[in-house]
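# Analysis of the macromolecular model
Okay, here's what each chain looks like letter by letter:
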Amino acid sequence: MTTMALPVALVGDTLPVPCADGRERPSLPFDAASATSALPQVLDAVEGFLPWFSGAEHGAGYKAQASVLAYQSARLAALAFAGRRPDSGDVAVICPNATEAIRHLAGRLRLSSGDVVVTTVAEHHANLLPWSRAASCRYVECGQDGTFEPADVAAALDRRPVPRLLAITGASHVTGWLPPLGEIIADAHHRGVPVLVDAAQLAAHRPLPAEADFLAWSGHKMYAPFGAGVLIGPRRILAAGDQPRPGSGAAPGPDLDDMTRMARPERQEPGSPNVIGAVALGAAIGALESIGWPAITGHDMRIARSLRRGLAAIPGLRLLGPDPGADTLPVATFTMDGIPSALVTARLAAEDAIEAGHGNLHARPYLTRLLGLSPAGTRAGRGPARNGDRRAAPDAVRASAGINTAEHDVARLLSAMERLASGEPPTRYRRDPSTGDFYPAGPAPEPASH
């Protein structure tokens, strides 16, 4: 198998984009924690498969059978990626993304308001909202640095009533922190509590924890942005309960009074299957495996160290989360003294063609703790936001990297941040109260045509 040296360019990397001064600069993606572009191998796999695409639900034609085979191959690839054997009793359910995978599991577990799910304040909203709506949540708190200890999780598991599930992130999409999953999962299993790991942020950076009962992740964060994610779990669980989103493929009975339910994975995937997304996901898994975890992990650690230490050294910049030297994913979330986070990202984009994220990062409870905001301070921005003015809402800037990030990319970002921190007068910007975002004043630059 051909190996790839890191960093490796993704589709669209360095594409020239127009800036506020009228010049074009090569785009620099630093928002991998939100979404990644496609690996070239993934795009090649999709383009190579498209001529053979057909519906994978039915049909005896050659293309239909090729589509079925491709879809099932992606399932097997996902199971292997999660450390499961084909005969393990687990199934891989193809979902649109990790959010839908978690929602799907919440529907399968037949939870009630009297049931307890233990989760943490460090979660993405996608691993909070489904559980708070389906059951009663018991939350593990974090310290000022955004971390917690296995003992904190164990204490939450020991409270009564006994939890039905522990739902925990595999890696923080805000700070890059890696909870000690091995010990946490072992503690939960010792108490008879199954574990879901939200691996959306973890999957592209570290091996998945084979000990977890359930795993959810998404292709759009691991170089396969074609609308496919995965839920891994025991067939005996995922074949039970009501279909959360019933539709075609979930009830193949011959008549209206005979809506028989299938037990195969297809039962969990109503509607026409996303064969293209599955092909892309399988190709991304193959590409990551060809690189190998030692190379990916080593690259991540080097970039994370340069990124976090470099940002922490800039005057007026406050890095959130663990110490800059801690072992984290290449993710750095921060604030700047005297500069709204939305303006920081707007200036990075409009003046330097650097793409970073900002906002509550879909982790409002976690972010407010990292920022050290009091409940009163949190409520102060909530009222205006509910009335359509988000300018006072708590937020931060996030720069996040992937296998396409080089050391010189980090240097370019740090140079831009040092310029902002120096107080250099910016291009004039206007702010949209409804979103809180900033835009360069005057007409928008014309999109580049190439």
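Relevant structure appears above.
Now for a look at the structure at hand.

Analysis parameters
- Residues numbered from 1 in each chain as written.
- Predicted model: local features only at pLDDT ≥ 70, side-chain atom pairs only at ≥ 80, totals over all residues.
- Heavy atoms only, no water.
- Helix = DSSP H or I, 4+ residues; strand = E, 2+ residues; numbered from the N terminus.
- Buried < 20%, exposed > 50% of the residue type's maximum accessible area, 1.4 Å probe, protein only.
- Areas by Shrake-Rupley, 256 points an atom, 1.4 Å probe, with all protein chains shown as cover.
- 1 Å grid on protein atoms, 1.4 Å probe; cavity = no way out; pocket = protein on both sides within 12 Å on 5 of 7 lines; lining within 4 Å.
- Points joined across faces, edges and corners; volume = space filled by probe spheres on them.
- Nonpolar A, V, L, I, M, F, W, Y, C, P; charged D, E, K, R; others polar.
- Salt bridge = Lys/Arg side-chain N within 4 Å of Asp/Glu carboxyl O.
- Arc of directions from axis to C-beta.
- Contact = heavy atoms within 4.5 Å.
- Polar contact = N/O pair within 3.5 Å; in protein donor to acceptor, adjacent residues only side chain to side chain.

If you tally the helices and strands in the protein, you get 13 helices and 17 strands. Counting every position in the protein, which comprises 450 residues, the buried fraction comes to 51%. In the form shown here, the protein has an accessible surface area of approximately 19,500 Å², with 54% of it arising from carbon and sulfur atoms.

The amide bond that connects leucine 6 to the next residue, proline 7, takes the cis arrangement and shows omega of 0°. With respect to the helices, strands and loops of the structure, proline 7 is situated in the segment before β1 (16-18). At arginine 110, a residue that is not glycine, the phi angle is positive and equals roughly 55°. With respect to the helices and strands, the residue arginine 110 is situated in the loop between α3 (98-108) and β5 (116-120). In this structure, tyrosine 223 takes a positive phi of about 70° despite not being glycine. Here tyrosine 223 lies in the loop between β9 (214-218) and β10 (229-234).

A few words on the layout of surface pockets. Reported here for the largest pocket is a volume of approximately 600 Å³. Lining the largest pocket are 34 residues, and of these His124, His358, Asn360, Leu361 and His362 sit closest to its centre. Elements represented by at least two residues in the lining of the largest pocket include exactly α3 and β14 (357-359). Partitioning the lining of the largest pocket into residue classes produces 10 nonpolar, 15 polar and 9 charged.

So, about the pattern of salt bridges. This model, assessed by the stated rule, comprises 14 salt bridges. Of the charged contacts in the structure, one is a salt bridge between aspartate 31 and arginine 398, with a shortest N-O distance of 3.6 Å. You can see aspartate 31 sitting in the loop between β3 (28-29) and α1 (40-49) and its partner arginine 398 sitting in strand β15 (residues 396-400), a full 367 residues away along the chain. Across the salt bridge formed by glutamate 100 and arginine 103, the nearest N and O atoms sit 2.7 Å from each other.

What follows covers helix α5 (residues 150-158). Among the residues of α5, Pro150, Val153, Ala154, Ala156 and Leu157 are the ones counted as buried. Taken down its axis, α5 places every buried residue within 160° of arc, on the same side. The elements touched by buried residues of α5 are β5, β6 (136-140), β7 (165-169) and α6 (181-190).

Okay, the environment of aspartate 213 next. Position of aspartate 213 among the secondary structure elements: in the loop between β8 (195-198) and β9. With relative accessibility at 22%, the residue aspartate 213 sits in the partly exposed group. The sequence separation of aspartate 213 and isoleucine 185 amounts to 28 residues, and the corresponding C-alpha distance is 9.1 Å. In this structure aspartate 213 touches Arg84, His189, Pro194, Val195, Ile232, Gly233 and Pro234, once residues within four positions along its chain are discounted. One polar contact links the side chain of aspartate 213 to the main-chain amide nitrogen of valine 195, over a distance of 2.7 Å.

Under the counting rule described, the total for this entry stands at 1 cavity of 30 Å³ or more. The volume enclosed by the largest cavity comes to roughly 40 Å³. Along the walls of the largest cavity sit Ala32, Thr36, Ala200, Gln201, His205, Lys221 and Tyr223, which together make up its complete lining. Within the lining of the largest cavity, the residues separate by chemical class into 3 nonpolar, 3 polar and 1 charged.

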